[in-house]
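Spelled out from the first residue to the last, the chains are:
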Amino acid sequence: RIADETVIMFSELKIGDEINSNILNNALKNLYYTDYFKKVELLNENETVFIIIEENPIVQSVDIEGIKENNIYDIVKEVTNKIEKYPFVENKINEQIVLLKNILKSYGYYFVKLNASINKNDNNTVNLLYNFELGEIAKIKKINFIGDKIFNDAILRNIIISEETKFWKFITRNKFLDANRVQADISRLNTFY
């Protein structure tokens, strides 16, 4: 699939250059760095360098199941679209799973289960399926301030970003539990005091 000229360009080897082990090691690193290759072997025989490669499959499509809400679906789709038409590398998929879970946590889905399955195609491509089980949204039921307080709870609630869940607060995301927002609240309270 990848043209010979492209492989040579990725390796940064040049015809006529003197070859040594450092140059071959750098060429090997350059080829692996692209993520296009599962296996790379460089052979130096009679002043000719042979590049033997095995390509990683390309992610042909990414499908999402288990998310019905439009705004969350759009955000997840935007993130997953970034790997379509790129090489399939398992650790990149694992990184994306962590990223997707963190995004869903910011929307209050702390108990999300995410399974990724891979369907291999005949043309050295894969179709990736993310199956989500969102679970319940973790909402902030009550905010309590404990310890020696100079200021009452109403004043302190105006300083923090997080809010208690109330039926009239259907637009704000601040009622959902978010670890980053809690850290921001702590910082704001420390600055206030």
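(A) Here's a closer look at the environment of L99. Checked against the element boundaries, L99 lands in helix α4 (residues 90-106). Each C-alpha atom of the pair L99 and Q60 lies 20 Å from the other, and the pair is 39 residues apart in sequence.

(B) Representation of the confidence of the model for the protein. Summary statistics for the protein give a mean pLDDT of 83 and a share of 91% for residues scoring 70 or more. Ranking the elements of the protein by mean pLDDT puts helix α5 (residues 153-159) last with 73 and strand β5 (residues 125-133) first with 91.

(C) The nonpolar core, seen in detail. In this structure, V76, L104, Y130 and F132 are the most contacted members of the largest nonpolar core, which totals 23 residues. Of all the secondary-structure elements, those providing two or more residues to this core are β3 (58-65), α3 (70-80), α4 and β5. The element best represented in this core is α4, accounting for five residues.

(D) Just the sheet that holds β3, in detail. Within the open sheet, the three strands sit side by side as β3-β5-β4. Their pairing is mixed. Looking at strand neighbours, the two that pair on one side only are β3 and β4 (113-120), the edges of this open sheet. With strand direction ignored, the average angle separating the axes of adjacent strands in the sheet is 20 degrees. Here seven bridges tie β3 to β5, and the two strands are oriented parallel to one another. Within β5, the residue paired with V59 across the bridge is V126.

(E) Quick look at a nonpolar patch on the surface. Together, I150, I155, F192 and Y193 line one region of the surface with nonpolar side chains, adding up to about 420 Å² of accessible area. When you line up the elements, F192 lands in helix α6 (residues 179-192). Note on F192: relative accessible area 35%, which makes it partly exposed.

Conventions used here
- Residues numbered from 1 in each chain as written.
- Predicted model: local features only at pLDDT ≥ 70, side-chain atom pairs only at ≥ 80, totals over all residues.
- Heavy atoms only, no water.
- Helix = DSSP H or I, 4+ residues; strand = E, 2+ residues; numbered from the N terminus.
- pLDDT = per-residue confidence, 0-100.
- Core = buried A, V, L, I, M, F, W, Y, C linked by side-chain atoms within 4.5 Å.
- Buried < 20%, exposed > 50% of the residue type's maximum accessible area, 1.4 Å probe, protein only.
- Pairing = 2+ DSSP bridges.
- Axes fitted to C-alpha atoms, helices over the stretch in contact; angles between N-to-C directions.
- Patch = residues over 30% accessible without salt bridge, like charges linked within 9 Å, V, L, I, M, F, W, Y side chains within 5 Å.
- Areas by Shrake-Rupley, 256 points an atom, 1.4 Å probe, with all protein chains shown as cover.
- Salt bridge = Lys/Arg side-chain N within 4 Å of Asp/Glu carboxyl O.

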